[in-house]
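# Observations on the model geometry
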Amino acid sequence: MNEPGNYEHSSIATDDPKLESLLTDAYDAPSMPRSLLKRIDRGVAAEWGESPGLVPDVAGRWTKPMARAARWARTVPVAACVAMVVILGVMLNGNDQAYGWASMMQALAERGIIQVEDENGSRWISLSEGVLGERTASSTRLLDVSQQVVLERFEGTSEVRRRNLAKTVSVFSRDELMLGFLLGNTFAKEESKRLDGVRLVDESWDSVTVAGVDQVSLTVAFETAAAERFELGITVDPESKLPSKFELLNDDAQAEMLTLTYPVATVAALREQEFPSGLLIVDVDQDGTPLNRIATKEGSASAEKSQPDSIAAVDRSANKANKLPDADLKNKPLDVAAAALQSFKAAPSEWKAVTPVSAATAEMVRRIDEVLADLWQANGVTPTELADDGELLRRVYLDLAGRTPSVSEVRAFMADQAPDRFEHLVDRLLKSPDHASHIATVWRSFLIPEGVDLTAFGGVEAFDQWLAERFSSDDSYDKVVRSLLQADGRLVRSGPLLFYSAAKLDPDQLASRTARVFLGMRLECAQCHDHPFEPWAQDEFWGFAAFFARISRPKGTLESVSTVMRVSDVDHGEVMLPDTDTVIAPRFLDGSEFLEGAGAPARREQLADWLTSARNPYFARVTANRIWGQLFGKGIVDPIDDFGAQHQPKSPELLDLLAGHFVGTDFSLRELFRSVVLSKAYRLSSGAATIDGNRADLFAQMNIKTLTAEQVYDCISVATLLDSGAASDPMTFNVARIGNSSRAEFIQQFRTPVGRNTEYQGGIPQALTLMNGGLIEGATGLSSSGLLKSLEAPFFTNDERIEVLYLATLSRKPHPSEWELLDGYISDDAKGAELQEGLADILWALLNSAEFTLNH
């Protein structure tokens, strides 16, 4: 959606298509609480000199104070700008349908494959998977944003050239991909950076009739960082909001109207069609120069060795020792190549077990600081200053307890002058019920996929409760994972069995989820064919899936599972390669021996023992990386569930140090959290006086993280005294998470995608949910807010009341500039409703501010 500042509002009118499009872009606004309408009505009247008449009783005596409110609200962009947009959208357009680029993009993401043909060939894109393909008369290319690679095959050859993206994945926005797809220059864009910084600057729509059919004519304008402008005319279906035709309006050379189609196909099928599994892969640099041409056609004059017979064979024989993107090992001494095999440049199947590290917490923290200091020095990076007390306090509460501190907790920490007060706070939080329930929610988010209906099994509450109890008792992580993988009993018992219910007892789904979560590998990419980007063969995936084949279950594919079904180990059941009769036996990914025959342990038991063993080269590293990623917003390996040759750790030394400490403490998650949180890197500020792109990537500056839906709800609850309570100890504050239906309903509307907590994913629906929903209404309502009621006490001054509001929401006192802005906002003699409404205005704006909804 466009920034409100891009438009001039000279009057409140409905004949301005740009304004109308802006106000109603793609969404219908829900009903709003009367108190909020009243406040915004007065703000609009004060700002533009005309009341929109949202409520009938806009008294003149409120005009002056609300003028101050409007001026103050403009310093909180989410609270002011979006509110004005939403209210005016309701006033001008009611519930009429609206169309825009955002709604079209959402429809495209949900549709699947989009295809277009022009005079040069055809191209297709999947927005949901971030994959784009292009076929011309001379070559076929595929760009995979998640894997950060480009594949290219020239017509008439059986060789696939693979190169890393010239840009990092984080720079490819969805708008960039789609615009590049429509323009037909995505692959060229990666080199020329033509679309860098592209943003939507204007859009409008109108209803039209084409060949007797009602359509929507959408016009959008984009501008790049280099001020290049692109204007598109798009024909959109009014029901599905999917585009059918488009043209580039500001370029006569490309003014042809092109047609979009939606083939029934999957990304996997298209990839296999264009890049069959049996082709040879050659890694090349950005100029196309081969990095690892270790095989040519057998019998040719330049042949070095016989041709491997498949893409997987090439990966295993050549790429294991050569995943250095910008280096050629061909002419290096053998000992150098052998050393590379021992590093993360080698294929995952060649990784060695971590070395256990036995060290006290203080020593471990010192070693973490040393490794990072060396990393920063080697890369010429200067870390930011340390975070101030308020920033660090709010951050550690959000990361360890999933909520902001209460007012009393903020005051207690600020009053504590002990040199080790932060260490004591960390210990207290790690032992708190809020930490256990928060980490349980985090772990469940990647153990149980979104969108799985588990209502028949009692929902996820029993699973959350089971995890929270494990974390509360500080069970070793290997024990927790072993209990999960070996869970048995009827599915109606729920708890850890939900892991199996969510996967419908399917061996392939269980293998994919287990590999992602506990081994950090997207092994499912080798389910239908050899992995296109990593050296995993199809039979290795099914060998891993075979560990889940001998579970009691009906034959065939299950569309759903029943509570009467039982999970238990049986002595029969196998998996076969798809479309063959080839039975695949269980196989450990590192080549460890699998025991079979009479007296051998059950398959799941052997898998659990291998997976959680200290000798497993993946388990400890992946867990350490997951904890680091949760606390820093990005992993040492990123994405956190995609370990392999394509995604190298930013610091192998740091990753192995943390993993070794994890093993050395008998897989204690609590100690791992403690060591990382006490490090210098964690205490660094998220702000900096100068811009340095490498600083945050190398953990020399804290990443700003978006709050999860769970955190947003819990923070509002704590700040406004909703759904939470305190024990006899005022410092023991527990949030009601499990079994809270209001919380569950809010989370459904405000959820952030797993692993994307440094990217703001919220849009108008989430903003409306936050501003207008029952949670905010209850939190700021004059008759329902516990916080506002507590501030009615006569012994408070207005400054003290405002200070409490800041401490409750932002965990700090107002800055001098904020005090100046708020001076006189509430008159000293204000009482009753006048006092409450003034405080409610401030509270509402604080809860909707960017500072409140971000973890910095």
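Residues numbered from 1 in each chain as written. Predicted model: local features only at pLDDT ≥ 70, side-chain atom pairs only at ≥ 80, totals over all residues. Heavy atoms only, no water.

### Description of the environment of Asn694
Applicable threshold: Starting at the N terminus, helices and strands are each numbered in turn, a helix being any DSSP run of H or I of at least four residues and a strand any DSSP run of E of at least two. In this scheme, a residue with accessible area under 20% of its type's maximum is buried, one over 50% is exposed, and one in between is partly exposed, where area comes from a 1.4 Å probe on protein chains only.
By the element assignment, Asn694 lies in helix H25 (residues 693-697). You can call Asn694 partly exposed: its relative accessible area is 43%.

### Looking at unusual backbone geometry
Look at the link from Asp638 to Pro639: it is a cis peptide, with omega at 5 degrees. Its place among the elements puts Pro639 in the loop between helix H22 (619-632) and helix H23 (652-664). Although it is not a glycine, Ala227 sits at a positive phi angle of roughly 70 degrees. Judged by its relative accessible area of 55%, Ala227 falls in the exposed class.

### Things to note about the pairing of strand S10 (residues 243-248)
Rule in force here: Strands were regarded as paired on the criterion that DSSP finds at least two bridges between them.
Examined bridge by bridge, strand S9 (residues 229-236) and S10 share 5 bridges and lie antiparallel to one another. Looking across to S10, one finds that Gly233 is bridged to Glu247. Hairpin connection from S9 to S10: 6 residues lie between these consecutive antiparallel strands, with Lys241 at a positive phi of about 65 degrees. Where S10 and strand S11 (residues 258-261) come together, 2 bridges link them in antiparallel fashion.

### Details of the pattern of salt bridges
Put simply, the rule reads: By definition here, a salt bridge exists when the distance from a side-chain nitrogen of Lys or Arg to a carboxyl oxygen of Asp or Glu is within 4 Å.
Taken as a whole, this structure holds 41 salt bridges when the rule is applied. For Arg366, the salt bridge identified is with Glu363, shortest N-O distance 2.5 Å. With Arg366 and Glu363 both in helix H11 (residues 361-378) and 3 residues apart, the pair spans about one turn of that helix. Arg366 gets classed as partly exposed once you look at its relative accessible area, which sits at 37%. A salt bridge links Arg470 to Asp475, with the nearest nitrogen and oxygen atoms 3.1 Å apart. Side by side, Arg470 and Asp475 carry an identical accessibility label, which is buried. Connected via shared salt-bridge partners are Arg403, Glu409, Asp434, Asp714, Arg737 and Arg743.

### Topic: the state of the cysteines
Each disulfide consists of one covalent bond between the sulfur atoms belonging to two cysteines. Using the following cut-off: When two cysteine sulfur atoms lie within 2.5 Å, the pair is treated as a disulfide.
According to the stated counting rule, one finds 0 disulfides in the structure shown. With no disulfide of its own, Cys528 lies 9.8 Å from the sulfur of Cys525, the closest cysteine sulfur. What makes Cys528 exposed here is its relative accessible area of 56%.

### Some details on the nonpolar core
Selection rule: What makes a nonpolar core is a set of buried Ala, Val, Leu, Ile, Met, Phe, Trp, Tyr and Cys residues whose side-chain atoms join them at distances within 4.5 Å. We call two residues in contact when some of their heavy atoms are within 4.5 Å.
Residues Val396, Trp443, Leu447, Phe518, Phe544, Trp628 and Leu658 are the most contacted members of the largest nonpolar core, which totals 149 residues. In terms of residue count, H22 provides more of this core than any other element does, 8 residues in total. In contact with Leu658, other than residues within four places in its own chain, are Met364, Ile368, Ala624, Trp628, Ile636, Leu672 and Val676. Residues Tyr99, Ile114, Val198 and Leu232 belong to the second largest nonpolar core, which totals 39 residues.

So yeah, pure geometry; function would need other evidence.
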